[in-house]
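# Working through the structure, step by step
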Amino acid sequence: MAPLHALVYQSQATRPLDANDLDRLLLDARVANELADVTGALLHGGQRFVQYLEGTRADVEQIYARIARASQHHRLEILEQGRVEKRLFQRWHMGFATAPQTLVQQLSQSQWRREIPWLEDESAASSGLARLLAFWKEEAVLAH
Ligand SMILES: Cc1cc2nc3c(=O)[nH]c(=O)nc-3n(C[C@H](O)[C@H](O)[C@H](O)COP(=O)(O)O)c2cc1C
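To start, this report covers the structure provided alongside it. Note that the structure is a prediction, hence the values are computed from the model and not measured.

## Observations concerning the pattern of salt bridges
A complete count under the given rule lists four salt bridges for this structure. Here R66 and D28 are joined by a salt bridge, their closest N and O atoms 3.0 Å apart. Here R66 is found in helix α2 (residues 57–68), whereas its partner D28 is found in helix α1 (residues 19–36), with 38 residues between them in sequence. Since its relative accessible area comes to 33%, R66 is described here as partly exposed. Judged by its relative accessible area of 41%, D28 falls in the partly exposed class. For E61, the salt bridge is made with R57, and the minimal N-O distance between the two is 2.8 Å. Of this pair, E61 and R57 both sit in helix α2, four residues apart, which is roughly one turn of the helix.

## With respect to the nonpolar core
In summary, soluble globular proteins display a tendency toward joint burial of nonpolar side chains. Ranked by size, the top nonpolar core spans 21 residues in total, and within it L43, Y52, F89, L107, W112 and L132 carry the most contacts. Elements represented by at least two residues in this core include exactly β1 (4–13), β2 (39–45), β3 (48–56), β4 (73–84), α3 (101–109) and α5 (127–143). Sort the elements by how many residues they give to this core and α5 lands first, with five residues. By size, the runner-up hydrophobic cluster in this structure holds 17 residues, among which are A13, L17, V60 and M94.

## Things to note about unusual backbone geometry
Although it is not a glycine, D37 adopts a positive phi angle of roughly 60°. Within the fold, D37 resides in the loop between α1 and β2. Judged by relative accessible area, which is 42%, D37 ranks as partly exposed. Notably, R75 is not glycine yet its phi reads approximately 50°, a positive angle. Tracing the backbone shows R75 in strand β4.

## Notes on the site of the ligand
Around the ligand lies a shell of 17 residues, among which D28, N33, R66, S71 and Q72 are the nearest. Taking L25, its main chain carries an N or O atom lying 3.4 Å from an oxygen atom of the ligand. For the ligand, whose accessible area on its own is 630 Å², the fraction buried by protein is 82%. Where the shell around the ligand is concerned, the elements lending two or more residues are α1, β3 and α2.

Conventions and cut-offs
- Residues numbered from 1 in each chain as written.
- Predicted model: local features only at pLDDT ≥ 70, side-chain atom pairs only at ≥ 80, totals over all residues.
- Heavy atoms only, no water.
- Salt bridge = Lys/Arg side-chain N within 4 Å of Asp/Glu carboxyl O.
- Helix = DSSP H or I, 4+ residues; strand = E, 2+ residues; numbered from the N terminus.
- Buried < 20%, exposed > 50% of the residue type's maximum accessible area, 1.4 Å probe, protein only.
- Core = buried A, V, L, I, M, F, W, Y, C linked by side-chain atoms within 4.5 Å.
- Near = heavy atom within 4 Å.
- Polar contact = N/O pair within 3.5 Å; in protein donor to acceptor, adjacent residues only side chain to side chain.
- Areas by Shrake-Rupley, 256 points an atom, 1.4 Å probe, with all protein chains shown as cover.

This is how it looks when you write it as structure tokens:
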């Protein structure tokens, strides 16, 4: 089996997106991600996005190239990427949550980079990843 790769980036919305815009975007994203076997989570808040993608490196790069072409956002910045041992969002071809602006801001500024190689050591290693997972756990529990 090919090694797993994860990538986190942040971006800014080019215009305010309403629920319909987001639904359409997610539908399209989930179909493409399922075909590519890419999983992850997307947070939106305060006109910013933070997205976590995981899969084989080739698949993640292919999906990221697709994402980078989307007109709804710009100023994409990769916060961190590297090899991971396992998937953290196994069940999500793209989980989505609207998060408080402060959280998205914190995540986009978190020490994704500082604690290399955070990805090898999962959640404990990066405060950014730990925050994302903590928020996601709450959301996932609430959604059930
Ligand atoms: C914030 C954001 C996240 C996205 N996530 C994914 C994704 O996970 N997988 C994917 O294939 N495409 C993703 N896309 C791309 C969309 O599915 C879609 O192809 C794109 O928004 C269409 O843009 P257009 O209106 O410029 O054609 C994403 C786009 C944005 C703006």
